[in-house]
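Here is how the chains run, residue by residue.
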Amino acid sequence: MLHVLLVRYTAPPDQVTPHVPGHVAYLERRHADGTFLLSGQTVPDSVGGVILAVGSREHVERVAAEDPFAVAGVAAYEIVTVEPGRLDDDLRKLLG
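Residues numbered from 1 in each chain as written. Predicted model: local features only at pLDDT ≥ 70, side-chain atom pairs only at ≥ 80, totals over all residues. Heavy atoms only, no water.

## Describing the packing of aromatic side chains
Put simply, the test is: Any two rings among Phe, Tyr and Trp, with Trp reduced to its six-membered ring, count as a pair given centres within 6.5 Å; such a pair is stacked if its planes are under 30 degrees apart, edge-to-face if over 60, and tilted if neither. Secondary structure elements follow DSSP: runs of H or I of four or more residues count as helices, runs of E of two or more count as strands, with numbering from the N terminus. With a 1.4 Å probe rolled over the protein chains alone, any residue whose accessible area is under 20% of its type maximum counts as buried; one over 50% counts as exposed, and the rest are partly exposed.
Following the criterion strictly, the structure yields 2 aromatic pairs and no others. Here Y9 and F69 contribute two aromatic rings whose centre-to-centre distance is 6.1 Å and whose plane-to-plane angle is 65°, an arrangement assigned as edge-to-face. Here F69 lies in helix 4 (residues 68-72) and Y9 lies in strand 1 (residues 2-9), a separation of 60 residues in the sequence. Residue F69 is classed as buried on the basis of its relative accessible area, which comes to 3%. With a centroid separation of 5.7 Å and an interplanar angle of 75°, the aromatic rings of Y26 and F36 are classed as edge-to-face. One end of the pair, Y26, is in helix 2 (residues 20-32); the other, F36, is in strand 2 (residues 36-41), with 10 residues separating them in the sequence. Residue classification places F36 among the buried residues on the basis of a relative accessible area of 3%.

## Some details on the sheet that holds strand 1
What counts is decided by this rule: A pair of strands is treated as paired once DSSP finds two or more bridges between them. Here an axis means a line fitted to C-alpha atoms, over the contact stretch when the element is a helix, while the angle between two N-to-C directions is reported on a 0 to 180 degree scale. Here a residue-residue contact requires only that any non-hydrogen atoms of the pair lie within 4.5 Å.
Strand order in the open sheet made by the 4 strands is 2-3-1-4, with antiparallel pairing throughout. Lying at the two open borders of the sheet, with one neighbouring strand each, are strand 2 and strand 4 (75-82). Taking the axes of each pair of neighbouring strands and ignoring which way they run, one obtains an average angle of 15° across the sheet. Pairing analysis gives 7 bridges linking strand 1 to strand 3 (residues 48-54), with the strands arranged antiparallel. For L2, the partnering residue across the bridge sits in strand 3 and is V54. Across the face of the sheet, helix 2 comes into contact with strand 2, strand 3 and strand 4 while running at roughly 155° to strand 2.

## Quick look at the environment of V54
For V54, the location among the structural elements is in strand 3. Put simply, V54 and H3 are 51 residues apart on the chain and 6.1 Å apart in space, counted from C-alpha to C-alpha. The contact partners of V54, leaving out residues within four places of it in the chain, are M1, L2, H3, G34, T35, L37, H59, V60 and L95.

## Overview of the side chain of R30
Selection rule: A 3.5 Å cut-off defines polar contacts: any pair of N or O atoms within that distance qualifies, except that in protein one atom must be a possible hydrogen donor and the other a possible acceptor, and neighbouring residues in sequence count only when both atoms are side-chain atoms.
Summarising the element assignment, R30 is placed in helix 2. Residue classification places R30 among the buried residues on the basis of a relative accessible area of 14%. Within polar-contact distance, the side chain of R30 engages the side chain of D33 at 2.6 Å. Not counting residues within four places of it along the chain, the set of residues in contact with R30 comprises T35, F36, H59, V63 and E66.

Set out below in structure tokens:
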């Protein structure tokens, strides 16, 4: 299953900043284990970030709850599950 994770800041930047190193390490772990396919900041970056994830909804919910931003209460996740109808061939190969 494919999921779009919207990560929205719920605290001012000065409260978010101390958690950035842990958040970056978390992203790197989840990219390495294949759960995250894409992650990046929104434009403008004051909104938060977006992550494209694969796996069961339950797995992705557990993973989102582990983000140091979520644990610290400085960001909240909205998870949108997508049932792909049409895919680019390269993306189809990536998703298996």
